[in-house]
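# Observations on chain architecture
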Amino acid sequence: MAGKKPDAAPGAAWSAPADHEYEKLGAFYLGRPYDLGTKTPEPGLLLYDSKDLVTHAVAVGMTGSGKTGLCISLIEEAALDGIPTIAIDPKGDLTNLLLTFPALRPQDFRPWINEDDARQKGLTPDDYAAQQATLWKDGLAAWGEDGARIERLKDAADFAIYTPGSNAGIPVSILASFAAPAAAIRDDSELLQERVSSTATSLLGLLGIDADPVKSREHILLSNLFSTAWAAGSDLDLASLIAQIQSPPMQKVGVLDLESFYPAKDRYGLATALNNLLAAPGFASWLKGESLDIGKILHGEGGKPRVSVFSIAHLSDAERMFFVSLLLNQVLAWVRTQSGTTSLRAILYMDEIFGFFPPVATPPSKLPLLTLLKQARAFGLGVVLATQNPVDLDYKGLSNTGTWFLGRLQTERDKARVLEGLEGAAAAANAKFDKSRIGEILSGLGSRVFLMNNVHEDAPVVFESRWAMSYLRGPLTRDQIKTLMSGAKPVAPESASPAGAGGVPVASHDRAASVAGAGRPLIPPDVPQQFIPARSGPAGATLVYRPHVLASAKVRFADPKSGIDATNDLTYLAPISDGVMPVDWEKAEAVTIAVADLEKDPQSGAQFEPLPAIATRTKSYSGWKADCAAWLYRNATLDLKQAGREQRDAIVEKLRSEYAPKVQRLEEKIRNAQQAVDREAGQAHSAELQTAVSVGATVLGALLGRKGINAGSIGRATTAARGVGRSIQQHQDVGRARADVAAAQAELDAINAEVAQKTADLGSVAIRPTKSNIDVQVLTLAWAPYWRDASGAMTPAWA
């Protein structure tokens, strides 16, 4: 409302109002009506209904028009009324909101003056500070303000300066900015797609990639990654995003398979660019500080409103766009969680909107801004945009803006663009618009004189802006911001910075250095990597992957002399270190891990120990493969004692088969010889018995017979003698048969001894492979899982 003093007659001289005349709930004291014809103020006050700001506002004016002072006064009024503000400050002027000095003493101004201004005026810094103190005291008094009102302002709200990418003010962590948006946004496909697109565009812009959302495969891939994660309610950060670029959770993009659409080698380039950004020393400041929690940024402890200035003057253009886009998306997400209201709940102000809301291009900041202008009014958020370059504003996008604060313009072209925007806003509000009259007014505006076109009022109003309570000294230096915020920085845990497990720093300049925290390292696509499956761990333990090299080889052991020919599958795991010998096969451990069981991806939530840079180079693995083969040649043996029961039994069976015919022949020979012994021995015994009887009878007959020796007895004796000869012969045959048995048995014993010796060798002979019989079939980077308990102790998770 454009109010007037009750006792002021038309045309009466304007005098400073008493504070009770403008200290009204829901009314912002912005200035006084102004007569362009007489170039003098008119009686009354210019009070602006805070609820009108729910339909947003835009302030346009060239340098020196007083636009920044007007907007700072608006923010001051909102703070006095308990309304918080988020102010985006590309130039550094809004940091002046913290320069409020209720005592208005020269020594209060002294630390903050611009000493260059003092020199130009030929004044010492102390004299210039005294002059500024007087200027501000008199200026405030002329508008009915004083130190007491400044004190009320300081008491009404907390004031803070945030410096993303710097620790001069309150640092800001962007890690949470890739977290899944609120359910209200996820459930709205249009809002979710806007969030996805603007986030992908801003991130690629930070990398210097001007990505078309439809044509750029980088943009399409990132959008798919964000969409997939957020639709499932899963958070992302830069580390996990880099990992997903390497191993996307989808096999197709559209109808094309992933490799055809965006080959792994090319994806590695994008991942490397993100990793380089994350590993850059200057980027560490983006990873620590307060998160972009809009609720906490708008209100401090106990719900006290805050005026939060996000100073981004120190950032590059790409960094500004990146941060502003993230912040706007966070504000949009916060808005969607609020209940509806027709009252002003908070203000989002952006000074110098140049480049962030252009009429033709679609930078990542534009989509969330358009959405806020369309939807935030229903939730009580007033958006205020300011610029000195009207031609850079998308006035079609501002058609829903209810209030226009128009200051002095630089060119006729600027005026034409402003009139175009006003006409569109009037049409959207079904309000009358006198284009020629407004054009005439715009031509006569001077410094700190504005035309306010408020669709909630009957007609436009020309007014002069009041004196700002804040000391408008211009942009603050980094040291001044640091001094202002030295006692206000909250002691908050820092977000993860580029380091390995246990806080061990990672080389930030290595193109494949580990990403922030203990995230999955960036690995070139031509470096093979696998993950050893992890078994379940103890409660409360953290899964940590350590880098190893896994080698799987087929080694043939052949020994013609012993008749052995065996092939073994051998698997070894060797740790990778940063030492002179990164992979020492002497420290390798034989494992029973099947290559087919290795996994492509790690378990979710796992941490990674740093990966030495040498392990990210493809040629390293060729060398390690050759080293492994040489090590196996020197050290691999088939110790038959340890060859395994089946292999031993097979060798024994082979020996038995080889000697079985000889043994059978000898056993048959022994049986035949034994039979001959038995037969000859039987015959010899019979002959001995008969001879003995014959001789005995003859002798006895001769000795005892009635008749003496005669021709008959001699004949019989001769016959008996021949029997003795036969007996002797048969005894000789038995001896020969027994010798045959002994010879055959000795031969069999020799064969048995030979078999026994060869069987005994199975417990002691070690056979080595030849170089040609060693085939290292698989050699890969293998991440071995370990469980780390609360004490830091590490236990293998695959054994």
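In this text the structure is predicted, and so the values were computed from the model without any measurement. (Residues numbered from 1 in each chain as written. Predicted model: local features only at pLDDT ≥ 70, side-chain atom pairs only at ≥ 80, totals over all residues. Heavy atoms only, no water.)

The next subject is the overall build of the chain. Scanning the chain from terminus to terminus reveals 21 helices and 25 strands. Residues classed as buried in the chain amount to 49% of the 799 residues present. Entry remark: accessible area of the chain is about 36,300 Å², with carbon and sulfur atoms responsible for 52%. (Helix = DSSP H or I, 4+ residues; strand = E, 2+ residues; numbered from the N terminus. Buried < 20%, exposed > 50% of the residue type's maximum accessible area, 1.4 Å probe, protein only. Areas by Shrake-Rupley, 256 points an atom, 1.4 Å probe, with all protein chains shown as cover.)

On to the side chain of R32, then. Positionally, R32 belongs in strand β1 (residues 27-35). Accessibility expressed as a relative area gives 12% for R32, which makes it buried. Aside from chain neighbours lying at most four places away, what touches R32 is W14, P41, G44, L45, L46, W143, V462, F463 and E464. (Contact = heavy atoms within 4.5 Å.)

Moving on to the pairing of strand β13 (residues 381-387). Within β13, seven of the seven residues are buried, which leaves the element mostly enclosed by the surrounding structure. Burial along β13 is two-sided: L381, V383, L385 and T387 and G382, V384 and A386, pointing in opposite directions, are all buried. Summarising the sheet, strand β4 (residues 57-60) and β13 pair through four bridges and their orientation is parallel. Residue pairing for β13: V60 is matched across the bridge by T387. As defined by bridge partners, strand β12 (residues 346-350) adjoins β13 across five bridges and the pair is classed as parallel. Within β13, the residue paired with A346 across the bridge is L381. (Pairing = 2+ DSSP bridges.)

Under the defined criterion, the tally for this structure stands at 31 salt bridges. Between D158 and K304 there is a salt bridge, with the nearest N and O atoms lying 3.4 Å from each other. In this pair, D158 sits in strand β6 (residues 158-162) while K304 sits in the loop between α13 (294-298) and β11 (306-311), placing the two residues 146 residues apart along the sequence. One salt bridge in this structure joins R336 and D188, with 3.9 Å as the shortest N-O distance. A residue pair is termed long-range when its members are at least 10 positions apart, and R336 in the loop between α14 (317-335) and β12 and D188 in the loop between α7 (183-186) and α8 (189-206) qualify at 148 residues. Members of the salt-bridge network, linked through shared partners, are D19, E23, E76, E77, E145, R149, R152 and R466. (Salt bridge = Lys/Arg side-chain N within 4 Å of Asp/Glu carboxyl O.)

What follows deals with the environment of E218. Secondary-structure assignment places E218 in helix α9 (residues 217-231). When the C-alpha atoms of E218 and L270 are compared, they prove to be 7.5 Å apart, with 52 residues separating the residues in sequence. Leaving out residues up to four positions away in the same chain, E218 has contacts with L204, Y262 and L270.

Quick look at the packing of helix α2 (residues 67-80) against helix α6 (residues 147-156) now. Their axes nearest at 8 Å, the elements α2 and α6 cross at an angle of 70 degrees. What the angle tells us is that α2 and α6 run roughly perpendicular. Once α2 is placed against α6, the crossing between them reads as left-handed. Counting all contacts with α2, which are made through E76, E77, A79 and L80, the residues of α6 involved are R149, R152, L153 and A156. Its residues assigned to classes, the contact of α2 with α6 comprises four nonpolar, no polar and four charged. (Axes fitted to C-alpha atoms, helices over the stretch in contact; angles between N-to-C directions. Parallel < 35°, antiparallel > 145°, perpendicular 65-115°, else oblique. Left-handed = near helix turned anticlockwise from the far one by under 90°. Nonpolar A, V, L, I, M, F, W, Y, C, P; charged D, E, K, R; others polar.)

A few words now on the packing of aromatic side chains. Applying the stated criterion to the full structure yields 25 aromatic pairs. Summarising the aromatic geometry, the rings of F101 and Y471 are spaced 6.4 Å apart at their centres and angled 50 degrees between planes, so their arrangement reads as tilted. Highlighted residues: F101 in the loop between β5 (85-89) and α3 (106-109) and Y471 in the loop between β16 (461-465) and α18 (478-485), separated in sequence by 370 residues. On the accessibility criterion, Y471 (2% relative accessible area) is buried. Judged by centre distance (5.1 Å) and plane angle (70 degrees), the rings of W136 and W467 are edge-to-face. Of the two residues, W136 sits in helix α5 (residues 125-142) while W467 sits in the loop between β16 and α18, which places them 331 residues apart along the sequence. With respect to burial, W136 and W467 carry one shared label: buried. Taken together, the ring pairs in this structure connect Y162, F283, W286, F310, F322 and F323 into an aromatic cluster. Over the aromatic face of W230 sits the side chain of R195, whose NZ or CZ is 5.4 Å from the ring centroid. The cationic tip of R546 hangs over the ring face of Y786; the distance from NZ or CZ to the ring centre is 4.6 Å. (Phe/Tyr/Trp six-rings, centres within 6.5 Å; stacked < 30°, edge-to-face > 60°. Lys NZ or Arg CZ within 6 Å of the ring centre and 35° of its normal.)

With 18 residues, α5 ought to run about 26 Å at 1.5 Å a step, and its terminal C-alpha atoms sit 25 Å apart, in line with that. Looking only at α5, the buried set comprises Y128, A129, Q132, A133, W136, G139 and L140. Buried positions in α5, seen along its axis, are confined to an arc of 140 degrees and lie on one side of it. Exposed residues lying more than 90 degrees from the buried face of α5 are D126 and K137. Of the surrounding elements, those touching the buried residues of α5 are α3, α4 (115-120) and α6. Positive backbone phi, approximately 75 degrees, marks G144, located one or two places after α5. (Expected span 1.5 Å × (residues − 1). Arc of directions from axis to C-beta.)

Further remarks concern the pairing of β12. Summarising burial for β12: five of the five residues are buried, a large majority. Once the chain exits β12 it traverses helix α15 (residues 366-375) before rejoining the sheet at β13, and the crossover so formed is right-handed. (Right-handed = clockwise from strand over helix to strand, strands pointing away.)

Now for the confidence of the model for the chain. Averaged over every residue, the pLDDT of the chain is 84; residues scoring 70 or more account for 86%. Note that pLDDT drops below 50 for residues 1-11; the model gives that stretch 25 contacts with residues more than four away or on any other chain. (pLDDT = per-residue confidence, 0-100.)

The subject of this paragraph is the packing of helix α10 (residues 238-246) against helix α12 (residues 264-279). Remark: α10 packs on α12, axes separated minimally by 9 Å, with the N-to-C direction vectors making an angle of 165 degrees. As judged from the angle between their axes, α10 and α12 are roughly antiparallel. Judged by the twist between their axes, the crossing of α10 over α12 is left-handed. Contacts between α10 and α12 involve L238, A239, L241, I242, I245 and Q246 from the first element and R267, L270, A271, L274, N275 and L278 from the second. Residues belonging to the contact of α10 with α12 are distributed by class as follows: nine nonpolar, two polar and one charged.

Now for the nonpolar core. Formed by 161 residues in total, the largest nonpolar core has its most connected members in F226, L372 and F405. The dominant element in this core, judged by the number of residues it contributes, is α14, at 11 residues. Excluding its chain neighbours within four sequence positions, the residues that come into contact with F226 are F178, V196, T199, A200, L203, A231, L236 and L241. Counting 41 residues, the second largest nonpolar core, distinct from the first, contains A541, Y545, Y572 and V583. (Core = buried A, V, L, I, M, F, W, Y, C linked by side-chain atoms within 4.5 Å.)

The next subject is α10. The element α10 is largely enclosed, with a buried count of seven among its nine residues. Among the residues of α10, L238, A239, L241, I242, A243, I245 and Q246 are the ones counted as buried. Tucked into the core, α10 has its buried residues touching α8, α9 and α12. Capping of α10 at its N-terminal end is provided by D237; its side-chain oxygen lies 3.1 Å from the backbone amide nitrogen of A239. (Polar contact = N/O pair within 3.5 Å; in protein donor to acceptor, adjacent residues only side chain to side chain.)

Right, let's talk about the side chain of T571 for a bit. In this structure, T571 sits in strand β19 (residues 564-575). By relative accessible area, T571 is classed as buried at 12%. Sequence-distant contacts of T571, that is, excluding residues within four places in its chain, are made with L550, A551, S552, E589, A590, V591 and I593.

With respect to the helices and strands, I523 occurs in the loop between α18 and β17 (529-531). Sequence separation of I523 and L781 is 258 residues, and the distance between their C-alpha atoms is 10.0 Å. Excluding its chain neighbours within four sequence positions, the residues that come into contact with I523 are Q246, Y268, Q529, L611, T616 and L781.

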